[in-house]
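# Understanding the architecture of this molecule
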Amino acid sequence: MTADLAWRDDDRLRLECGVFGVFNTPNAAQVVALGLHALQHRGEEACGIASFDGQGFYTERHMGHVAESFSGADLAERLPGAYAIGHTRYSTAGASVLRNVQPMFADLEAGGVALAHNGNLTNFLTLRERLVSEGHIFQSTSDSEVIIHLIAMSRKRRFIERFIEALSQIEGGYALVGLTNKKLVGARDPLGIRPLVLGDLNGRPVLASETRALDMVGAKFVRDIEHGEIVVVSSDGVESIKPFPAAKARPCVFEYVYFAMPDSVVNGRSVYDVRKRMGRRLAEESLVPADVVVPVPDSGVPSALGFAQAAGLPYEMGIIRNHHLGRTFIQPSQDARELSVRMKHSPNRAVLAGKRVILVDDSIVRGTTTVKVVKMVRDAGAREVHLRSASPAIRFPDFYGIDMPDREHLIAANMTVPQMAKQFGVDSLAFLTVDGLYWAMGAGPRDPACPQFTDHYFTGEYPTRLLDREIAEGRNEQVERQLSFLVDA
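Below is a summary of the structure that appears in this document. (Residues numbered from 1 in each chain as written. Predicted model: local features only at pLDDT ≥ 70, side-chain atom pairs only at ≥ 80, totals over all residues. Heavy atoms only, no water.)

### Quick notes on the overall build of the protein chain
Stated formally: Under the scheme used here, helices are H or I runs from DSSP no shorter than 4 residues and strands are E runs no shorter than 2 residues, and both carry numbers assigned from the N terminus. Each residue is placed in one exposure class: buried if its accessible area under a 1.4 Å probe, protein chains only, is under 20% of its type's maximum, exposed if it is over 50%, and partly exposed if it falls in between. By the convention used here, residues are in contact when the closest approach between their heavy atoms is within 4.5 Å. Accessible areas in this description were obtained via Shrake-Rupley with a 1.4 Å probe; residue shielding takes into account the shown protein chains only.
Secondary structure summary: the protein chain contains 19 helices and 21 strands in total. Every one of the 489 residues in the protein chain was classed for burial, and the buried ones make up 55%. For the protein chain, the proportion of contacts with a sequence separation of at least 24, taken over those separated by at least 6, is 68%. Approximately 19,800 Å² of the protein chain is accessible, and the part contributed by carbon and sulfur atoms is 51%.

### Some points on the pattern of salt bridges
As a reminder of what qualifies: We count a salt bridge whenever a side-chain nitrogen from Lys or Arg sits within 4 Å of a carboxyl oxygen from Asp or Glu.
The tally for this structure, following the rule as stated, stands at 23 salt bridges. In this structure, the salt-bridge partner of R212 is D263, at a minimum N-O distance of 2.9 Å. One end of the pair, R212, is in helix α8 (residues 211-217); the other, D263, is in the loop between α9 (254-259) and β14 (265-266), with 51 residues separating them in the sequence. Since its relative accessible area comes to 17%, R212 is described here as buried. Between D455 and R446 there is a salt bridge whose closest N-O contact spans 2.6 Å. Like R446, D455 is buried. What emerges from the salt-bridge pattern is a single network uniting R42, R194, E210 and E255.

### Comments concerning the packing of aromatic side chains
The cut-off we apply is this: Only Phe, Tyr and Trp rings take part, Trp by its six-membered ring, and two of them pair if their centres are within 6.5 Å. Stacked means planes under 30 degrees apart, edge-to-face means over 60, and tilted covers everything else.
Following the criterion strictly, the structure yields twelve aromatic pairs and no others. Ring centres 5.0 Å apart and planes at 45° place the aromatic pair F57 and F105 in the tilted group. Of this pair, F57 sits in strand β3 (residues 57-63) while F105 sits in strand β5 (residues 104-108); the two residues are 48 residues apart in sequence, bridging distant segments of the chain. By relative accessible area, F105 is classed as partly exposed at 34%. On the numbers, 5.2 Å between centres and 75° between planes, the contact of Y258 with F259 is edge-to-face. One aromatic cluster is present, formed by F23, F52, F57, Y83 and F105 through successive ring pairs.

### Things to note about the pairing of β3
Strand residues, when the strand is regular, have side chains that alternate between the two faces of the sheet. Stated precisely, the cut-off is as follows: One bridge is not enough; two strands pair if DSSP finds at least two bridges between them.
With seven bridges joining them, strand β2 (residues 46-52) and β3 adopt antiparallel strand pairing. Across the sheet, A46 pairs through a bridge with M63, a residue of β3. Where β2 folds back onto β3 in an antiparallel hairpin, the turn is made up of four residues, including G54, whose phi is positive at roughly 95°.

### Let's talk about the sheet that holds strand β19 (residues 356-361)
Spelled out, the test is: Think of each axis as a best-fit line through the C-alpha atoms, taken over the contacting stretch in the case of a helix, with angles from 0 to 180 degrees between the N-to-C directions.
Spatially, the four strands line up as an open sheet ordered β16-β19-β20-β21, and their pairing is parallel. Only two strands of the sheet have a single neighbouring strand rather than two, namely β16 (292-295) and β21 (428-431). With direction set aside, neighbouring strand axes in the sheet form an average angle of 20°. Running at roughly 150° to strand β20 (residues 384-389), helix α14 (residues 368-379) makes contact with β19 and β20 of the sheet. Across the sheet, helix α16 (residues 417-424) lies against β20 and β21, angled at about 125° from β21, the strand it touches most.

### With respect to helix α19 (residues 467-475)
The condition is simple: Within this analysis, the arc is defined by the directions that extend from the helix axis to the C-beta atoms.
Among the residues of α19, those classed as buried are L467, D468 and A472. Around the axis of α19, the buried residues are gathered within 130° of arc, so they sit on the same side. In α19, those exposed residues whose orientation departs by more than 90 degrees from the buried face are E473 and G474. For α19, the secondary structure elements touched by its buried residues are β6 (111-121) and α5 (124-133). Where α19 ends, the next residue or the one after it, N476, has phi of about 60°, a positive value.

### A look at the packing of α5 against α19
How we decide: Comment on the angle field: the value is read as roughly parallel under 35 degrees, roughly antiparallel over 145, roughly perpendicular from 65 to 115, and oblique elsewhere. Just so you know the grouping, Ala, Val, Leu, Ile, Met, Phe, Trp, Tyr, Cys and Pro go in nonpolar, Asp, Glu, Lys and Arg go in charged, and all remaining residues, Gly too, go in polar.
In the contact formed by α5 and α19, the axes pass within 6 Å of each other and the chain directions differ by 75°. The angle between the axes of α5 and α19 places the two elements in the roughly perpendicular class. Only L467, D468, I471 and R475 of α19 make contact with α5, whose side of the interface consists of F124, L125, T126 and E129. Within the contact of α5 with α19, the residues separate by chemical class into four nonpolar, one polar and three charged.

### Some words on the nonpolar core
Proteins that are soluble and globular tend to have nonpolar side chains buried together. The test is simple: We call a set of buried Ala, Val, Leu, Ile, Met, Phe, Trp, Tyr and Cys residues a nonpolar core when their side-chain atoms join them within 4.5 Å.
In this structure, F254, M278, V293, I394 and Y457 are the most contacted members of the largest nonpolar core, which totals 41 residues. Of all the secondary-structure elements, those providing two or more residues to this core are α9, α10 (271-286), α11 (301-311), β19, α17 (434-440) and α18 (456-459). Not counting residues up to four positions away in its chain, the partners in contact with M278 are Y256, V257, S303, A390, L432, L437 and A440. With 28 residues, the next largest nonpolar core counts L131, F159, I170 and I230 among its residues.

### Overview of the pairing of strand β4 (residues 83-89)
Within β4, six of the seven residues are buried, which leaves it mostly tucked inside the rest of the structure. Pairing geometry for strand β1 (residues 17-22) and β4, over six bridges, is antiparallel. Directly across from C17, in β4, lies its bridge partner R89. When β2 meets β4, the two strands line up antiparallel, connected through seven bridges. Bridge pairing in β4 places F52 opposite Y83.

### Topic: the packing of α5 against helix α6 (residues 144-153)
Formally: By convention, the crossing between two helices is left-handed when the near helix turns anticlockwise from the far helix through less than a right angle, and right-handed when the turn is clockwise.
Where α5 meets α6, the closest approach of the two axes is 10 Å, and the angle between their N-to-C directions is 45°. Viewed along their axes, α5 and α6 adopt a mutual orientation that is oblique. The way α5 lies across α6 gives a crossing that is left-handed. On α6, the residues that touch F124, L127, R128, R130 and L131 of α5 are V146, H149, L150 and M153.

Set out below in structure tokens:
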């Protein structure tokens, strides 16, 4: 098993990235570092900050966590200036190596530009092949660098015109923050798949992936950046540009299921409230006689609380999570990896012994961790275990920035519910229905002709074309191809 695969052995989904930017703010890099700390959950492999002091740009990019990389007292000296953007990364396009860490920077004829990108481009390989054939030289294997090249090759006069021309050529889900020597720029994809918000810090604009990052730095929430919108922050204020044809928004519903932190508000909805409503609806759809409701911590907690309240059952912490492990380390053997679940989660025998337990998790992906968690609950003396997923069954992969296995590794795509129940060793298994999820979102019934959310992981209905995959299938090729011959140490 490679280091990369070992890191993914815990069967949890990882999100694409988090972005943050400030304009004309004293000690900008320190503010950005604090904002990135609030977005650490969106990407734990690497982080970076780019700043501008009125004369030049400064960048630092590191593997590892924000606190390890940007906590020094000398940060303002290392990254001076009142203008800065930052990025926290989990690799979904491009390997986890330093040359792929963002923000990416380039010297253009009109000045420097730094760019941080959250999401995935579904025509990345197609664009990259075209650019390479035209003589462009790439320093990374990240799809974010394609955007830099598209900006650089534009013949438009103004930077924002170049930026718009570049965006007109990319497809997929994205939220971008960019920094030039005069402007802070934010953009959201035409369907609003990936989130981006505008805040105000003492009269100075802030851009962030989630509202909790605004709270962390003491900024006020102003509004969500709209789908397909570009905001340009300059000394003249904040300008909104909508250069593309209007489309109906389809934000990613998995922000509510798992990725966003419960204290964030995404697209006007409290993540915590939505998750509780998921649990409430799950109880209405699949309640069985039981003694106690137990969450799989931490992401299953709000849904389990909503389930227990709707069912009129005790809510108990039957599984205790160890918060002091840090990142999962590489285990040398399968036996040692089996112990990793017990290192992260410990059974509370006083709650579980002799009880009929309803175990609530946020979602089930490959199911490998689920088997271990259920066994742990059984070994602690639970008389019955009824597993409930607060999201619908995940049957299709994602190509918009979620690190999700291919379909052959998604357990719900390959087994029936009774087969999965047997595999997990539970007395019963149920998933929240898609209609139940839409009810929890307060969106009414799902519109099959034009769904209100990006929900292809449950339905198989992708919101955009998947150009790279379509071309690869036409060539009878694998989509994943070697993009660089450089092997990083």
